[in-house]
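Observations on chain architecture
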Amino acid sequence: MAEEFRILNPRLDANFKTIFTQNTDSSRKALKSFLTAAIGQKVTAVSVKENDDAKQFDYQRGISYDINCTFDDESSAQIEMQGYDREYDYGKRAEYYAARLASSSMEVGDDWSKVPKAFQISVLNFVYDETNANPVHHYTMQDKSDGAKLSGILNVIFMELPKLPEINENTDIQTLPSSIKWCKFFKDADNPKKQDFISELVKTEEGLMEAENTLKNISSDRWRWIIQGQIEGRERDIRSGYIAFREKGLREGREEGLQEGREEGRKEGLQQGLQQGKNEAARSTAKNLLTESDLSPEKIAQCCSLSLEEVLGIRDELNKSN
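Residues numbered from 1 in each chain as written. Predicted model: local features only at pLDDT ≥ 70, side-chain atom pairs only at ≥ 80, totals over all residues. Heavy atoms only, no water.

**Overview of the packing of helix α1 (residues 13–21) against helix α2 (residues 25–39)**
We apply this condition: To get an axis, fit a line to the C-alpha atoms, keeping to the stretch in contact for a helix; angles then go from 0 to 180 degrees between the N-to-C directions. Helix and strand definitions here come from DSSP, where helices need a minimum of 4 consecutive H or I residues and strands a minimum of 2 consecutive E residues; each element is numbered from the N-terminal end. In this scheme, roughly parallel covers angles under 35 degrees and roughly antiparallel covers those over 145, while 65 to 115 is roughly perpendicular and the rest are oblique. Contacts were defined at the residue level, with two residues in contact if any of their heavy atoms lie within 4.5 Å. Three classes are used, and their members are as follows: Ala, Val, Leu, Ile, Met, Phe, Trp, Tyr, Cys and Pro are nonpolar, Asp, Glu, Lys and Arg are charged, and the others, Gly among them, are polar.
Viewed as axis vectors pointing N to C, α1 and α2 meet at an angle of 105 degrees, and their least axial separation amounts to 6 Å. Between α1 and α2, the crossing angle belongs to the class labelled roughly perpendicular. Residues Thr18, Ile19, Phe20 and Thr21 of α1 lie in contact with α2, whose contacting residues are Ser27, Arg28, Ala30, Leu31 and Phe34. Taken together, the residues of the contact of α1 with α2 sort by class into five nonpolar, three polar and one charged.

**Quick word on unusual backbone geometry**
Stated precisely, the cut-off is as follows: Only protein chains enter the accessibility calculation, which uses a 1.4 Å probe; a residue is then buried when its area is under 20% of its type maximum, exposed when over 50%, and partly exposed in between.
Positive phi, normally seen in glycine, also occurs at Asp72, with a value near 40 degrees. Considering the arrangement of structural elements, one finds Asp72 in the loop between β2 (67–71) and β3 (75–82). Overall, the relative accessible area of 37% leaves Asp72 in the partly exposed class. Positioned with a positive phi, Glu74 is a non-glycine residue whose angle comes to about 70 degrees.

**Observations regarding the sheet that holds strand β1 (residues 46–49)**
The test is simple: Any two strands between which DSSP finds at least two bridges are classified as paired.
Ordered in space as β1-β2-β3-β4-β6-β5, the six strands form an open sheet in which the pairing is mixed. Since the sheet does not close on itself, it has two edges, and those belong to β1 and β5 (136–139), each with one partner. When strand polarity is set aside, the average angle formed by the axes of neighbouring strands in this sheet is 20 degrees. Sheet topology places β2 next to β3; five bridges connect them, and they run antiparallel. The partner of Phe71 across the bridge, within β3, is Ser75.

**Describing the packing of aromatic side chains**
For any pair of aromatic rings, geometry is given as the distance between the ring centres together with the angle between the planes. Our working rule: Aromatic pairing here means that ring centres of Phe, Tyr or Trp (its six-membered ring) are within 6.5 Å. Orientation follows from the plane angle: under 30 degrees is stacked, over 60 is edge-to-face, and everything else is tilted. Geometrically, a lysine NZ or arginine CZ counts as sitting over a ring once it is within 6 Å of the ring centre and also within 35 degrees of the ring normal.
Following the criterion strictly, the structure yields 15 aromatic pairs and no others. Between Phe34 and Phe186, the ring centres sit 5.7 Å apart and the planes meet at 75 degrees, which makes this aromatic pair edge-to-face. Here Phe186 lies in helix α4 (residues 178–188) and Phe34 lies in helix α2, a separation of 152 residues in the sequence. When its relative accessible area of 0% is taken as the criterion, Phe34 is described as buried. On the basis of relative accessibility, which here comes to 0%, the residue Phe186 falls in the buried class. Centre to centre, the rings of Tyr128 and Phe158 are 4.8 Å apart; their planes meet at 80 degrees, and the pair counts as edge-to-face. Of this pair, Tyr128 sits in the loop between β4 (118–124) and β5 while Phe158 sits in strand β6 (residues 154–160), and the two are 30 residues apart along the sequence. Looking at Tyr128, the relative accessible area reads 32%, which means it is partly exposed. Looking at Phe158, the relative accessible area reads 2%, which means it is buried. An aromatic cluster of at least three residues, connected via ring pairs, comprises Phe16, Phe20, Phe34, Trp182, Phe185 and Phe186. One cation-aromatic arrangement involves Arg6 over Trp225; the distance from NZ or CZ to the ring centre is 4.0 Å.

Any functional reading would require information that these geometric values do not contain.
What follows is the structure in structure tokens.
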């Protein structure tokens, strides 16, 4: 019976991405349903693109997100799951991604009427805005005094899972907003104690049912469980190291009276170190899979949230070393 509830964690990047990017009808239906819920308008057609932008020069920091897609009226969206709080400035980060997405959609010679809407959608497994209890926010550019909006081209959507309202026996699941239903799915799909609720939840929308089917299907892949275990173990190591680093920084700050500029430099260095550690860990996992499994480079890239180009490069390095 326990085996029945072995469902992968949808809040991990690789699992989240796989739910929506499989080359199946189920995966596409799930993605259209999620986009419809997140942006608040019907999405009937969607095309998934390469998820990592190519670097323009050596040593450029990569721009990485889980899913990059276009839909219906050529609007585009970047979707990502943030399973852990790295203490980045997520507001600035999301605005930058949205602006970059909008500008990359323009071709030489296009006039301004050709600029499609851009949506940066982040599912956050932590609280971003402690001053507001709403779990879902849709931000656009507007006037501070009267709320007048510009074109609505740039859109940032945050979905904060810890803020979700409690569900009890008196709650009519059918009447919940679709965005809340999806957030509930991400939060509890792998929780054995919530399976009765999840079963009722997915019955309310076809897209949710297709997402559950895809998640269950990939949960039969033992390599995904190995990868998930490695990721969760590394995250515990990272968080433990981060907490120790932060406490050390606080002590040093009190003892030495560090200036604000030095403290900001410390934070930036920590953030860059965490991202670099995450990337190195993903490459290490990919290397192990290339040497110890018969998985294709495409599948390894998907499981490790790396680009196919990176995985092929790692394979070439292994071949040269042998």
